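# Structural overview for review
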Amino acid sequence: MNYRHHFHAGNFADVVKHVLLLGLLDSLRRKDTPFCYIDTHAGIGIYDLGASAAQRTLEFKTGLSRIKAADATGMPALVNDYQKAVTALQAERGGFWYPGSPWLALQAMRPQDRAVLMELHPEDAGTLRQFFSRRDNTSIHERNAYEGLAALIPPKEKRGLVLIDPPYEEERDDYAPVVELLKKAHSKWPTGMYAIWFPIKDHHAITRFYRRLRNTGIPKILTTELCVLPPDNQLGLNGTGMIIVNPPWQFAETALDILKWLKPVLSEHAQSSYKVEWLNGEAAPVKKVPVDKFAE
Ligand code: SAM
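What counts and what doesn't
Residues numbered from 1 in each chain as written. Predicted model: local features only at pLDDT ≥ 70, side-chain atom pairs only at ≥ 80, totals over all residues. Heavy atoms only, no water. Helix = DSSP H or I, 4+ residues; strand = E, 2+ residues; numbered from the N terminus. Buried < 20%, exposed > 50% of the residue type's maximum accessible area, 1.4 Å probe, protein only. Expected span 1.5 Å × (residues − 1). Contact = heavy atoms within 4.5 Å. Polar contact = N/O pair within 3.5 Å; in protein donor to acceptor, adjacent residues only side chain to side chain. Pairing = 2+ DSSP bridges. Near = heavy atom within 4 Å. Areas by Shrake-Rupley, 256 points an atom, 1.4 Å probe, with all protein chains shown as cover. Nonpolar A, V, L, I, M, F, W, Y, C, P; charged D, E, K, R; others polar. Core = buried A, V, L, I, M, F, W, Y, C linked by side-chain atoms within 4.5 Å. Axes fitted to C-alpha atoms, helices over the stretch in contact; angles between N-to-C directions.

### What to know about unusual backbone geometry
In the segment running from Ile153 into Pro154, the intervening peptide bond is cis, with an omega of 0°. For Leu58, which is not glycine, the phi torsion reads 55° and is therefore positive. With respect to the element layout, Leu58 can be found in the loop between α2 (52-57) and α3 (64-69). The backbone of Asn246 sits at a positive phi, close to 60°, despite the residue not being glycine. Looking at the secondary structure, you find Asn246 in the loop between β9 (239-245) and α10 (251-266). For Asn246, a relative accessible area of 19% translates into the label buried.

### Notes on helix α9 (residues 203-215)
The terminal C-alpha atoms of α9 lie 18 Å apart, and with 13 residues this matches the ideal 18 Å at 1.5 Å per residue to within 8%. On its buried face, α9 is in contact with α8 (176-188), β7 (193-200), β8 (221-227), β9 and β10 (273-280). Regarding α9, its N-cap is Asp202, as a side-chain oxygen of that residue lies 3.0 Å from the backbone nitrogen of His204 further along. Looking one or two places after α9, you find Gly217, whose phi comes out positive at around 75°.

### Some remarks on the pairing of strand β1 (residues 36-39)
Both faces of β1 are covered, namely the face carrying Cys36 and Ile38 and the face carrying Tyr37 and Asp39. Here 4 bridges tie β1 to strand β4 (residues 114-119), and the two strands are oriented parallel to one another. Note on β4: the bridge partner recorded for Asp39 is Leu117. As defined by bridge partners, β1 adjoins strand β6 (residues 160-164) across 4 bridges and the pair is classed as parallel. Note on β6: the bridge partner recorded for Tyr37 is Leu161.

### Here we look at the site of the ligand
Surrounding the ligand, one finds 22 residues, the nearest of these being His18, Ser101, Glu119, Asn144 and Asp165. Contact between the ligand and Leu120: a nitrogen atom at 3.2 Å from a main-chain N or O atom of the residue. Contact between the ligand and Asn144: a nitrogen atom at 2.8 Å from a side-chain N or O atom of the residue. Protein burial of the ligand: of its 610 Å² of free accessible surface, 96% is covered by the chains. When contributions to the shell around the ligand are tallied by element, the ones reaching two or more residues are α1 (12-28) and α7 (145-152). Residue classes in the shell around the ligand are distributed as 7 nonpolar, 9 polar and 6 charged.

### A closer look at the nonpolar core
Counting residues in each nonpolar core, the largest one holds 96 residues, and the members touching the most others are Tyr37, Ile243 and Leu262. It is α1 that contributes the most residues to this core, 11 residues altogether. If we skip the residues at most four places from it in the chain, Ile243 touches Tyr194, Ala195, Ile196, Phe198, Phe209, Tyr210, Leu213, Ile221, Leu222, Thr223 and Leu279.

### Thoughts on the sheet that holds β9
Ordered by their spatial adjacency, 8 strands build an open sheet running β5-β4-β1-β6-β7-β9-β8-β10, and the pairing between neighbours is mixed. Of all strands in the sheet, those bounded by a partner on one side alone are β5 (138-142) and β10. Adjacent strand axes in the sheet meet at a mean angle of 15° when their direction is disregarded. Taken together, the 7 bridges between β8 and β10 define a ladder with antiparallel strand orientation.

Structure (structure tokens):
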């Protein structure tokens with residue numbers, strides 16, 4: 001386990017993931033009945049972008065800094081909420097901090113809701129505990145997501161969201177372990193909402209990943225992608241994706257609006273692109289968007 005999220009916090013992939021996450025959490029808050037949020041790969045929860053790890057890579061300049069500098073015209077409500085969340089955390093801690101998925105979820109929770117955070121790296125699990133163990137209705141597990149998730153679901157609340165956000169050290173190539181994890185989890189809790197983040201580095205790998213997902217037979221799988229570079233560029237992280245199983249009603253359209261607005265903010269590349277598509281279970285295509293140019 002070499003991956004440490006501190007080096008990557010606030011990059012373009014984090015921005016897209018966290019804006020979409022806020023949308024999913026928002027949908028859960030529309031009913032008064034309690035929900036359970038499960039973060040299988042929680043990281044440390046909040047990140048000091050002034051500290052040496054983030055300052056060494058400056059990856060937040062590909063994401064958070066671009067959002068801050070953007071013209072807010074037409075900004076989708078969820079991007080605005082995301083900005084407000086960052087500002088709230090920075091006001092709370094006094095400094096250049098970035099909210100990870102656990103912090104965003106805990107902010108969205110009401111007294112009746114509950115969070116379960118899993119993190120395998122002992123040091124990161126310790127830091128996560130330091131930040132959040134005093135929060136109500138929050139349990140932190142130093143645990144391997146691949147055995148822990150199935151043991152923790154279905155939650156007693158019967159409604160909620162599982163965020164699966166691995167570092168893709170073991171899961172590279174065709175992301176098969178992630179699909180197996182989803183299959184196992186879905187068989188235990190078919191009505192849960194699942195959001196799976198994935199990197200876009202090689203588009204053949206994504207095709208194989210989607211084929212595996214289709215072959216699970218799980219209905220209602222939505223995929224969202226935003227590529228800041230052409231998807232088969234050899235340089236590294238070309239794009240960011242999120243699979244959503246059992247998405248909220250009209251989330252596909254919401255995601256499409258968000259990605260359309262974010263694309264020119266996060267990339268000037270002529271071949272940057274975005275898409276939202278059903279992989280399984282929906283006859284009607286989401287308004288499909290081809291690779292298009294920066295100037296729209
Ligand atoms: N979800 C976080 C966020 O959005 O703020 C970022 C998580 S980071 C991409 C992935 C985390 O998973 C790392 O902190 C890593 O230590 C942890 N991890 C790696 N393998 C794991 C496993 N098998 N089970 C649980 N956590 C794991």
